[in-house]
Amino acid sequence: MLESYLSSLGYGDKEIDMFINTKELSRFSDEELCCRISDIFEYMLSYGYEKDEIINMSILSIKLFSFDVDMIIRKINNLSRLGYRKDEIIKMTVKYPNIFVLGEESIKIKKIFYDKIGILDVITKHPVYFSKSFDLVYARYVFYYRMGIKITKGNYSLLFLNQRSFINRFGKTNEQLIAMYNYDEIKAHAIPLTLGYGLSE
């Protein structure tokens, strides 16, 4: 049942095997999973996604079909409440469908921060960066600021160096940085605008 339904949607044998054998979807019966997939396709097509985009998204993120359609609607509405237009939401989620897994508050605080330091439009074009640890990104930003390095659209990738590259260049581990510039003390303020490290006061 599931195999023939996925095939009718345009999935190949390799992708069908992937869906059948993945742990994320194993808790659903074939009938339930077919209903979930059908509901998600129907909603996302009506929202403005292309069929091939939905297929590619589900291949990139199998978790997409572990959600029910109401969850997908809530996730899209969350992005809309954060100020993203429909075309931006489609582009972001097609490029990085795992953004549906992230919590609204996690995206919100990162969006505010990236906007304040002037790189939000770049991050929006590369939404995978919304998945990065905010504590680490913030600590790195402060670290660079104290070194006299201003983060811009031209060097924003410095915030996202892998740990080995960062250690080789600066001699600090992620854990050391987070301990040095711990954001926990001001998390209750919801936005990272109170320390004065190059941010608006």
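Located above this text is the structure these notes cover.
A brief structural summary.

Conventions and cut-offs
Residues numbered from 1 in each chain as written. Predicted model: local features only at pLDDT ≥ 70, side-chain atom pairs only at ≥ 80, totals over all residues. Heavy atoms only, no water. Helix = DSSP H or I, 4+ residues; strand = E, 2+ residues; numbered from the N terminus. Salt bridge = Lys/Arg side-chain N within 4 Å of Asp/Glu carboxyl O. Buried < 20%, exposed > 50% of the residue type's maximum accessible area, 1.4 Å probe, protein only. Expected span 1.5 Å × (residues − 1). Contact = heavy atoms within 4.5 Å.

Comments concerning the environment of glutamate 32
Point 1. Among the secondary structure elements, glutamate 32 is positioned in helix 3 (residues 30-47).
Point 2. A C-alpha to C-alpha distance of 9.6 Å links glutamate 32 and leucine 2, two positions 30 residues apart in sequence.

Considerations on the pattern of salt bridges
Point 1. Here the structure, examined in full by the defined rule, presents five salt bridges.
Point 2. The closest approach of N and O atoms between arginine 85 and glutamate 88, which form a salt bridge, is 3.3 Å.
Point 3. For arginine 85, a relative accessible area of 48% corresponds to the partly exposed category.
Point 4. Residues participating in the shared-partner salt-bridge network are Arg85, Asp87 and Glu88.

Things to note about helix 7 (residues 104-116)
Point 1. Between its first and last C-alpha, helix 7 extends 18 Å over 13 residues, near the 18 Å set by a 1.5 Å rise per residue.
Point 2. Those residues of helix 7 that sit buried are Ile107, Ile109, Lys110, Lys111, Phe113 and Tyr114.
Point 3. Along its buried surface, helix 7 packs onto helix 5 (69-81), helix 8 (120-125) and helix 9 (134-146).

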